Amino acid sequence: MPDSQLNRDPARADIVRLIPALRAFARTFCRNPTDADDLVQETLMKGLANLDKFEPGTKLKSWLFTIMRNTFYTRSKVLGREAPGSEEAVSGDTPMPATQEMSVRAQEVARALQKLPPHYREVLTLVAILGESYEAAAEICDCAVGTIKSRLNRARHQILQELGEDVA
C-alpha cells in the first residue's frame, strides 16, 4: 500500500502497525507458522472490509483480536468436521530433538502451553505474553475481568504443574 494512501487513512496505518501483534496472537491459535499467517491475513481482510463498522474511540487492537479469535473458532468448527490427517504423518520428516538445554525447556513450555484449554491459553497469551491489560483481555474474550484473572491464574498453575514445578 503506498504511503500516500496510508497517510490519508490513519485507521489503515494503525492496522499495518498492529500486524506484529496480530502475528503473535495468531501463533497462540496455530502451531504451524503458515496457518498463523493465513489467520492474520484473513483477519486483516475482514478488518479492512468492515472498517466502516469499527467504532471510533474503542481499541482497534482489541477489535482486530476479536475478529481473529472469532475467525479461528469458526475455522476450527469447519476443520473439525473435515478431520484431516496429522501434518507429521504427511511430511514423513522426523524432527530432530534439540541438544541445547534452553531449547529443550522452550519446547517443554510450548508443549505445556498447547495442552492448556484454548480459553486459558488465549488469556495467558493476551496478558502474560502480549502485555494486554485485564480489561482489554476481557473485552477481546467477551467476559468479565474476574474471569480473565481466574483463567490466568489457572493457566499459570497448569503450566507449572505440567512442567513439574513446585506449585505453592
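Residues numbered from 1 in each chain as written. Predicted model: local features only at pLDDT ≥ 70, side-chain atom pairs only at ≥ 80, totals over all residues. Heavy atoms only, no water.

Novice: Which parts of the structure should I look at to understand the overall build of the chain?
Specialist: Within the chain, the regular secondary structure consists of 10 helices and zero strands. N-terminal to C-terminal, the α/β element order of the chain is α-α-α-α-α-α-α-α-α-α. The buried share among the 168 residues of the chain stands at 32%. (Helix = DSSP H or I, 4+ residues; strand = E, 2+ residues; numbered from the N terminus. Buried < 20%, exposed > 50% of the residue type's maximum accessible area, 1.4 Å probe, protein only.)

Novice: Where do I start with the side chain of T125 in this structure?
Specialist: Within the fold, T125 resides in helix α8 (residues 118-129). Residue classification places T125 among the buried positions, given a relative accessible area of 1%. Each residue touching T125, except ones within four places of it in the same chain, is listed here: F25, T28 and L130. (Contact = heavy atoms within 4.5 Å.)

Novice: Help me understand the pattern of salt bridges in this model?
Specialist: Applying the stated rule across the entire model yields seven salt bridges. A salt bridge links D37 to R23; the nearest nitrogen and oxygen atoms lie 3.0 Å apart. Taken as a pair, D37 in helix α4 (residues 33-49) and R23 in helix α3 (residues 19-29) lie far apart in primary sequence, 14 residues in all. When its relative accessible area of 43% is taken as the criterion, R23 is described as partly exposed. Ionic pairing is found between E122 and R69, a salt bridge with its closest N-O pair at 2.6 Å. Residue E122 is found in helix α8, and its partner R69 is found in helix α5 (residues 60-82); the two are separated by 53 residues along the sequence. For E122, a relative accessible area of 1% gives the class buried. Several salt bridges converge on common partners, so that one network encompasses E42, K46 and R75. (Salt bridge = Lys/Arg side-chain N within 4 Å of Asp/Glu carboxyl O.)

Novice: Would you explain the environment of R31 in this entry?
Specialist: Position of R31 relative to the elements: it lies in the loop between α3 and α4. Taking the C-alpha atoms as reference points, R31 and Q114, 83 residues apart in sequence, are found 8.6 Å from one another.

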